[in-house]
Amino acid sequence: MIVQVNGIALAYDDVGTGMPVVFLHGFPLDRSMWSNQRTSLSLRARCIVPDLRGFGDSEAAPPYSIDQYADDVVALLDVLEIEAAVICGLSMGGYIALALWRRHSTRVRGLVLCDTRATADSPEARAGRDAAIALAMADGAAAIADKQVTGLLGKATRTRQPELAEEVRAMMGRQPVAGIVGALGALRDRPDSQDTLRSITVPTLVLVGADDTITPPAESRAILDALPDRIGAQLDIIADAGHLSCLERPAAVTHALADFLVTVGPRPY
Ligand code: MLT
């Protein structure tokens, strides 16, 4: 489905009934990375899965920022007349989930922070974003895909599921350069979210692949440590998965999400 929000055409899936859960993809990917969870969880949840602006079937148009992506999600919730949803984001999607909490906390029923971090980019990481922008502009999405694909997947996945590496490479390679460049600037300029963690009052699940080398389990432990004790947040470490845990171990991630949704509990919307 396509909807007009904040001056762009935003593509999304809206499948299932029950508690609304918004799934936010990572960089430089699209909503298809959540296909397994969307299908499996749609029997118990309303799964809303957008392509962020500049990715998948959504229009690539500025402005690009983590806050803008969050505002686009809220505009989508408005169109769908959803008051509040569980927000589940992986990596860049996790940065956006935290921005959503910071900017629109009344719209957030719960949070799932997958393979992500709360800190801002270091000076070295910012320089790396600029280099990646130059690479994307010179050589296109395929060059970014070639550079990143190996690091995104865990060792076990690369050995046991070589076809998944090709799927992920293809997903990255089909993203528009304008969207990739816009997102790299948004990632580079995103704020630190550690204070945001301390302000969270809704149920939160932190999830990470044991073999994630981009946002290693230590980042997730730091997130868990910063969350207020009273919300009883959990950390789920997915064995034999790297950064793209939801694609690498789809059933394990789906189970973790299903268990978490039970703890969020039913609420009429
Ligand atoms: C992602 O998977 O979204 C990226 O690794 C995020 C980042 O580069 O910071």
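Higher on the page you've got the structure.
On a predicted model such as this, the values are computed, not experimentally measured, just so you know.

## Let's talk about helix α7 (residues 162–173)
Alright, step 1. Between its first and last C-alpha atoms α7 spans 17 Å; for 12 residues at 1.5 Å apiece the expected length is 16 Å, and the two agree.
Alright, step 2. Buried within α7 are the following residues: L164, A165, V168, M171 and M172. Projected onto a plane normal to the axis of α7, the buried residues spread over an arc of 125 degrees and lie on a single side.
Alright, step 3. Contacts made by the buried residues of α7 are with α5 (141–152), α6 (155–160), α8 (177–188) and α11 (245–248).

## Some points on the sheet that holds strand β2 (residues 8–15)
Alright, step 1. As summarised here, the arrangement of the eight strands in space is β1-β2-β4-β3-β5-β6-β7-β8, forming an open sheet in which the pairing is mixed. Both outer strands of the open sheet, β1 (2–5) and β8 (234–238), are each paired with one neighbouring strand and no more. For this sheet the average axis-to-axis angle between neighbouring strands, irrespective of direction, equals 25 degrees.
Alright, step 2. Bridge count between strand β6 (residues 108–114) and strand β7 (residues 204–209): four bridges; the pairing is parallel.

## So, unusual backbone geometry
Alright, step 1. Note that the residue after F27, namely P28, is joined by a cis bond; omega there is -10 degrees.
Alright, step 2. Structurally, the position occupied by P28 is in the loop between β3 (19–24) and α1 (35–41).
Alright, step 3. Cis geometry is found at the peptide bond from P62 to P63, where omega equals 5 degrees.
Alright, step 4. A positive phi is found at S91, a non-glycine position, where the angle reads about 55 degrees.
Alright, step 5. Secondary-structure assignment places S91 in the loop between β5 (85–90) and α3 (92–104).
Alright, step 6. The backbone of D115 sits at a positive phi, close to 45 degrees, despite the residue not being glycine.

## Some points on the layout of surface pockets
Alright, step 1. Roughly 490 Å³ of volume is contained in the largest pocket.
Alright, step 2. Around the largest pocket, the lining comprises 23 residues; the ones closest to its centre are F27, R129, Q148, L187 and I214.
Alright, step 3. Elements with a minimum of two residues in the lining of the largest pocket: α3, α4 (123–139), α5 and α8.
Alright, step 4. The dominant element in the lining of the largest pocket, judged by the number of residues it contributes, is α5, at five residues.
Alright, step 5. Of the residues contributing to the lining of the largest pocket, the split by class is 11 nonpolar, seven polar and five charged.

## What to know about the pattern of salt bridges
Alright, step 1. Tallying each qualifying case throughout the model produces 20 salt bridges.
Alright, step 2. Ionic pairing is found between E219 and R117, a salt bridge with its closest N-O pair at 3.3 Å. Of this pair, E219 sits in helix α10 (residues 217–226) while R117 is found in the loop between β6 and α4, placing the two residues 102 residues apart along the sequence.
Alright, step 3. Accessibility expressed as a relative area gives 18% for R117, which makes it buried.
Alright, step 4. Among the charged side chains, a network of salt bridges with common partners joins D13, R31, R38, D51 and D57.

## Details of the side chain of R188
Alright, step 1. Mapped onto the elements, R188 comes out in helix α8.
Alright, step 2. Of note is the side chain of R188, whose polar atom sits 2.9 Å from the side chain of D189.
Alright, step 3. Aside from chain neighbours lying at most four places away, what touches R188 is D121, R126, R129, D130 and I133.

## Considering empty space enclosed by the protein
Alright, step 1. Going through the model one piece at a time under the given rule, you end up with two cavities of 30 Å³ or more.
Alright, step 2. If you add up the space inside the largest cavity, you get close to 50 Å³.
Alright, step 3. Lining the largest cavity, in full, are I66, Y95, L98, A99, R102, R117, A118, T119, R190, P191 and S193.
Alright, step 4. Of the residues forming the lining of the largest cavity, the biggest block, four residues, is contributed by α3.
Alright, step 5. A breakdown of the residues in the lining of the largest cavity according to their chemical character gives six nonpolar, two polar and three charged.
Alright, step 6. Computed from the structure, the second largest cavity encloses a volume of approximately 40 Å³.
Alright, step 7. Looking at the second largest cavity, the residues that line it are L10, P50, D51, L52, R53, Y69, D72 and V73.

## Examining the nonpolar core
Alright, step 1. Y69 and M92 are the most contacted members of the largest nonpolar core, which has 57 residues in total.
Alright, step 2. Setting aside residues no more than four positions away along its own chain, Y69 makes contact with L52, R53, F55, Y64, M92, I96, G182, A183 and A186.

What counts and how
- Residues numbered from 1 in each chain as written.
- Predicted model: local features only at pLDDT ≥ 70, side-chain atom pairs only at ≥ 80, totals over all residues.
- Heavy atoms only, no water.
- Helix = DSSP H or I, 4+ residues; strand = E, 2+ residues; numbered from the N terminus.
- Expected span 1.5 Å × (residues − 1).
- Buried < 20%, exposed > 50% of the residue type's maximum accessible area, 1.4 Å probe, protein only.
- Arc of directions from axis to C-beta.
- Contact = heavy atoms within 4.5 Å.
- Pairing = 2+ DSSP bridges.
- Axes fitted to C-alpha atoms, helices over the stretch in contact; angles between N-to-C directions.
- 1 Å grid on protein atoms, 1.4 Å probe; cavity = no way out; pocket = protein on both sides within 12 Å on 5 of 7 lines; lining within 4 Å.
- Points joined across faces, edges and corners; volume = space filled by probe spheres on them.
- Nonpolar A, V, L, I, M, F, W, Y, C, P; charged D, E, K, R; others polar.
- Salt bridge = Lys/Arg side-chain N within 4 Å of Asp/Glu carboxyl O.
- Polar contact = N/O pair within 3.5 Å; in protein donor to acceptor, adjacent residues only side chain to side chain.
- Core = buried A, V, L, I, M, F, W, Y, C linked by side-chain atoms within 4.5 Å.

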